[in-house]
Amino acid sequence: MKLKVFIAAAAMLASQSFAIIGLGAHYAPNFGTKLSAMERTSIYDLQGVGSVDFSREAVSGTMHGLGFKLWVDLLPIIDIEATVNLQFASYDATLYIPSIDANGDKSYVEQPIELDLAGTPFGKATPKYVAMNGDLSITYPITWLPIIRPYIGGGLTYYMNSFVLDKPFMTKFMSATGSALLDVLNTNDPAAVAQMDPAVAEQKAKELSDALTELVKDEGLTTSIGGHALLGVRARLLIIAIYANFKYYFGGDTSKDVDAGKMALELGAGFTL
């Protein structure tokens, strides 16, 4: 008799972890992403004066991020999850603008690149590598445990990745805008060369950074399709659910300078019905 009562109680508790639909938000770090460094390199030649140079620092480690999840418990056998994650990493990049003062002494102005990412949480900030993905997962739940619901599964992933500032892009940028913005530095105008002091070069460097922001806005995202495998657990109490997922990703394309991390966590909470 006591055994029957125990089984009935366990079944009732297990049923409490079952939800027709749920919606949650989560912290979503990605592990192991690497962006290679770029040594200082020439991207635009100012004849007789020097060259505009560019460098980029490396990124390695955890990309922090956030995401949202919708899950539907259709059948006792399988569940379905739809997830959107966004992760990002900052990297330092620098323009080196040549200058000559009135005495003919040469030097370089180092201008850290900042992009005005208006309409995003970043605002004006150092360049960002942004990785976004949409996951559609089919999971197999273990339903006989009370309160908690472990599951395994996998599915399709739609990848969206931003490009990173590299030599080809910066060379294209300078070829399109450098002659106009750095006009005052052109050796074809001796009077202008005499005015090419560090203050002028610094102002021109800022103008270059602002123009770069506009060109970056025109760049699209790299999109591709791959997949993922996942291991997770979800717990429910009344209408509140908490969940944790570990995902391993495969496939998809990124920038040639980026070695994308294949592992991610999702730690979140939400509401269920």
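Residues numbered from 1 in each chain as written. Predicted model: local features only at pLDDT ≥ 70, side-chain atom pairs only at ≥ 80, totals over all residues. Heavy atoms only, no water.

### Concerning the overall build of the protein
Right, on to step 1. Summing up its helical and strand segments, the protein has 4 helices and 16 strands in all.
Right, on to step 2. Out of the 273 residues belonging to the protein, those deemed buried represent 42%.
Right, on to step 3. When contacts within the protein are restricted to residue pairs at least 6 apart in sequence, long-range pairs at least 24 apart make up 71% of them.
Right, on to step 4. Of the accessible surface of the protein, which amounts to about 14,000 Å², a share of 66% is contributed by carbon and sulfur atoms. (Helix = DSSP H or I, 4+ residues; strand = E, 2+ residues; numbered from the N terminus. Buried < 20%, exposed > 50% of the residue type's maximum accessible area, 1.4 Å probe, protein only. Contact = heavy atoms within 4.5 Å. Areas by Shrake-Rupley, 256 points an atom, 1.4 Å probe, with all protein chains shown as cover.)

### Observations regarding the nonpolar core
Right, on to step 1. Core analysis: the biggest nonpolar cluster contains 31 residues, and Phe54, Ile113, Leu165, Met170 and Leu212 have the highest contact counts within it.
Right, on to step 2. Going through the elements one at a time, strand 3 (38-46), strand 4 (50-56), strand 5 (59-72), strand 7 (93-100), strand 11 (128-141), helix 2 (167-181) and helix 4 (198-217) are the ones with two or more residues in this core.
Right, on to step 3. Listed in part, the 5 residues of the second largest apolar core include Trp71, Leu230, Ala241 and Tyr243. (Core = buried A, V, L, I, M, F, W, Y, C linked by side-chain atoms within 4.5 Å.)

### Topic: the sheet that holds strand 8 (residues 106-112)
Right, on to step 1. As summarised here, the arrangement of the 4 strands in space is 3-4-7-8, forming an open sheet in which the pairing is antiparallel. Sheet topology places strand 3 and strand 8 at the edges, where each strand pairs with a single neighbour. Between one strand and the next, the sheet's axes are offset by a mean angle of 25°, whatever the strand orientation.
Right, on to step 2. As paired elements, strand 3 and strand 4 share 6 bridges and run antiparallel to each other. What sits directly across from threonine 41, in strand 4, is phenylalanine 54. (Pairing = 2+ DSSP bridges. Axes fitted to C-alpha atoms, helices over the stretch in contact; angles between N-to-C directions.)

### Points about the confidence of the model for the protein
Right, on to step 1. Here the protein averages 80 in pLDDT, and 76% of its residues register 70 or above.
Right, on to step 2. Segment residues 5-17 is flagged for pLDDT under 50; beyond a separation of four residues in sequence, or across chains, it makes 12 contacts in the model.
Right, on to step 3. The low-confidence segment residues 186-191 (pLDDT under 50) makes 5 contacts with residues lying over four places distant or belonging to another chain. (pLDDT = per-residue confidence, 0-100.)

### Some thoughts on the packing of aromatic side chains
Right, on to step 1. Per the stated rule, a full pass over the model turns up 3 aromatic pairs.
Right, on to step 2. When the ring of tyrosine 159 is compared with that of tyrosine 249, the centres are 6.2 Å apart and the planes differ by 65°; the resulting orientation is edge-to-face. Pair noted here: tyrosine 159 is in strand 12 (residues 148-161) and tyrosine 249 is in strand 14 (residues 240-251), with a separation of 90 residues, a long-range link. As far as burial versus exposure is concerned, tyrosine 159 and tyrosine 249 are alike and both buried. (Phe/Tyr/Trp six-rings, centres within 6.5 Å; stacked < 30°, edge-to-face > 60°.)

### Thoughts on the side chain of glutamate 266
Right, on to step 1. Relative to the elements of secondary structure, glutamate 266 occurs in strand 16 (residues 263-272).
Right, on to step 2. Contact partners of glutamate 266, with chain neighbours within four places excluded, come to His26, Tyr27, Lys69, Thr83, Asn85, Asp135, Tyr243, Ala244, Asn245, Lys247 and Tyr249.

### Brief notes about the pattern of salt bridges
Right, on to step 1. The final tally for this structure, using the stated rule, is 12 salt bridges.
Right, on to step 2. Aspartate 135 is the salt-bridge partner of lysine 247, the closest N and O atoms lying 2.8 Å from each other. Taken together, the residues span a long stretch of sequence, with lysine 247 in strand 14 and aspartate 135 in strand 11 at a distance of 112 residues.
Right, on to step 3. Connected via shared salt-bridge partners are Lys69, Asp73, Asp79, Glu81, Asp135, Arg149, Arg234, Lys247 and Glu266. (Salt bridge = Lys/Arg side-chain N within 4 Å of Asp/Glu carboxyl O.)

### Structural notes on a nonpolar patch on the surface
Right, on to step 1. A cluster of nonpolar residues, Ile77, Tyr140, Ile152, Leu231, Phe246, Tyr248, Phe250 and Met263, forms a patch on the protein surface that exposes about 810 Å² of accessible area.
Right, on to step 2. Per-element tally for the nonpolar patch: the top contributor is strand 14, with 3 residues.
Right, on to step 3. With respect to the helices and strands, methionine 263 occurs in strand 16. (Patch = residues over 30% accessible without salt bridge, like charges linked within 9 Å, V, L, I, M, F, W, Y side chains within 5 Å.)

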